[in-house]
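Here are the chains, one letter per residue:
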Amino acid sequence: MEKLAIDGGAPLNGEVAISGAKNAALPILCAGLLTAEALHIGNVPHLRDVTTMLSLLGQMGMSISVNEKLGVELRAANIHHPEAPYEMVKTMRASVLVLGPLAARFGEARVSLPGGCAIGLRPVDQHLKGLQAMGATITMDHGYMIVRAPRLKGVRICMDLVTVTGTENLMMAATLAEGETVIENAAREPEITDLAACLTAMGANIQGAGSDKITIQGVAKLHGAHHRVMPDRIETGTFLVAAAVTRGNVRVTGARPTTLDAVLDKLREAGVKIESGDDWISIAPNGKLQSVNLRTAPYPAFPTDMQAQFVALNSVADGTGVVNETIFENRFMHVQELRRLGADIEVEGNTAIVKGVPHLDGATVMATDLRASASLVIAGLVARGTTIVDRIYHLDRGYEAIEEKLSRLGARIRRVS
Ligand code: UD1
């Protein structure tokens, strides 16, 4: 099993280019199911989750070609197997994003129930409730959700809670439904706006994406299109936190600063200097690093996918930071591992109280999920001595060539078997 070995203490300096967003690429790849014509997608990040999604789509009968410039061409002219098997869904929960497109275009889908995952229960009841309201019938069969639908019908759907992939699934389903669908209490994440832009380029009629009310007028057919995936705001934020804790001067390029307001505000509060332009952000030290209090919540509030990285930041900052996680019930597994490096963190329910310590000491730690892994890498970059991060397959799911990008910024990091 591959690991990362990090010799801490080197400040990060220089420029790093941000990759396409994982959480935008995954639904956009699924949007390829909505048309028989070719969908060309650019700036697709080279990640394990993307490879998993492509092999899932390939198994269904999608023809796929990938070029060396991170471009993918999809053609769903011959989908013979509208199914997402357990083996795929258990490794990548986002596989459930095929549900809406399959139901809308083919009137049938067989998708494994995701079950629990490392960071919590994560049910899909809202996805199903929406599809049912649009006229689909859903039955359960040996751990699979079987969706059958004649042509879906537009309806008004009020989501009980804000769900990102739930909103995406229903928005995709509604593009081919008969009549108007209104999704109330929709998620407002920038990745939803990016998906809507792709669907619009394919001929969909969508208003309000990025707000909590999305209105979709169904059309009979979608067509081929070209779309470029937006930059990854979580990768951007992760590099900024890594720069902040190592007291480095870093400029991230190819980013979209307007998608990171809450994260940039917290970084400024932590005592770093942030400047930004249309597609870049620079960060520099500005006095001592200060702990910050934060609370995760749906966009535009502070993202749960940046929580673990800020727990690592607070671990080495001045003072005590209170971190409240409101999205997932079990998302503090990095805490145990950070403690192994000497961090002083107490967890009470969904709150972590992090007392900054003068230094962390390298140790072997285990990655438990994607963003937890990122927090361990960040901690390793400042810890004294060597930190070994084990089980980095979690990291490879969502960060493109992270050790190469960090090395180019001056980190002493290498991948070892
Ligand atoms: C997406 C992101 C993930 C991010 C999360 C929250 C992708 C591929 N993944 O995950 O990186 O951490 O948003 O920003 O985009 N819930 C229900 N019923 C449902 C659906 C969700 O109860 O039908 C609950 C979940 O258990 C969770 C909360 O709603 O507590 C939010 O989950 P959701 O927004 O759906 O997360 P994902 O879309 O899975």
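Everything quoted here is computed from the prediction, not taken from an experiment. (Residues numbered from 1 in each chain as written. Predicted model: local features only at pLDDT ≥ 70, side-chain atom pairs only at ≥ 80, totals over all residues. Heavy atoms only, no water.)

With that settled, the discussion passes to the sheet that holds strand β11 (residues 180–184). On the basis of which strands lie adjacent, the open sheet formed by four strands has the order β10-β11-β13-β12 and mixed pairing. Unpaired on one side and paired on the other, β10 (156–158) and β12 (205–207) mark the two borders of the sheet. Put simply, the sheet's adjacent strands are angled 15° from each other on average, direction ignored. Bridge analysis of β12 against strand β13 (residues 213–217) gives three bridges, and the strand direction is antiparallel. (Pairing = 2+ DSSP bridges. Helix = DSSP H or I, 4+ residues; strand = E, 2+ residues; numbered from the N terminus. Axes fitted to C-alpha atoms, helices over the stretch in contact; angles between N-to-C directions.)

What follows concerns the pattern of salt bridges. For the structure on display, the rule yields 21 salt bridges. We note a salt bridge from Asp-390 to Lys-3, for which the minimum N-O separation is 3.9 Å. Residue Asp-390 is located in strand β23 (residues 386–390), and its partner Lys-3 is located in strand β1 (residues 3–7); the two are separated by 387 residues in the primary sequence. Residue Asp-390 is classed as buried on the basis of its relative accessible area, which comes to 16%. Relative accessible area serves as the criterion here: at 26%, Lys-3 is assigned to the partly exposed category. Between Asp-160 and Lys-129 there is a salt bridge, with the nearest N and O atoms lying 2.7 Å from each other. Within this pair, whereas Asp-160 is found in the loop between β10 and α6 (164–175), its partner Lys-129 is found in helix α5 (residues 125–133), the two being separated by 31 residues in sequence. Each of Glu-2, Asp-396, Glu-403 and Arg-415 takes part in one network of salt bridges that share partners. (Salt bridge = Lys/Arg side-chain N within 4 Å of Asp/Glu carboxyl O. Buried < 20%, exposed > 50% of the residue type's maximum accessible area, 1.4 Å probe, protein only.)

Next up on the list: the site of the ligand. In the region of the ligand, 19 residues are neighbours, and Asp-125, Thr-163, Thr-165, Asp-305 and Ile-327 sit closest. A distance of 2.6 Å is found between an oxygen atom of the ligand and a side-chain nitrogen or oxygen belonging to Asp-305. Here the ligand loses 88% of its free accessible area of 740 Å² to cover by the protein chains. Looking at the shell around the ligand, the elements that each hand over two or more residues are α5 and α6. (Near = heavy atom within 4 Å. Polar contact = N/O pair within 3.5 Å; in protein donor to acceptor, adjacent residues only side chain to side chain. Areas by Shrake-Rupley, 256 points an atom, 1.4 Å probe, with all protein chains shown as cover.)

So, on to the sheet that holds strand β24 (residues 412–416). The four strands lie next to each other as β22-β23-β1-β24, forming an open sheet whose pairing is mixed. If you trace the sheet from one side to the other, it starts and ends with β22 (364–366) and β24, each paired once. Averaged over all pairs of adjacent strands, the angle between their axes in this sheet comes to 20°, without regard to strand direction. With three bridges joining them, β22 and β23 adopt parallel strand pairing. Across the sheet, the residue bridging to Met-366 is Asp-390, located in β23. Taken strand by strand, helix α12 (residues 370–382) contacts β1, β22, β23 and β24, and its axis lies near 30° from that of β1. (Contact = heavy atoms within 4.5 Å.)

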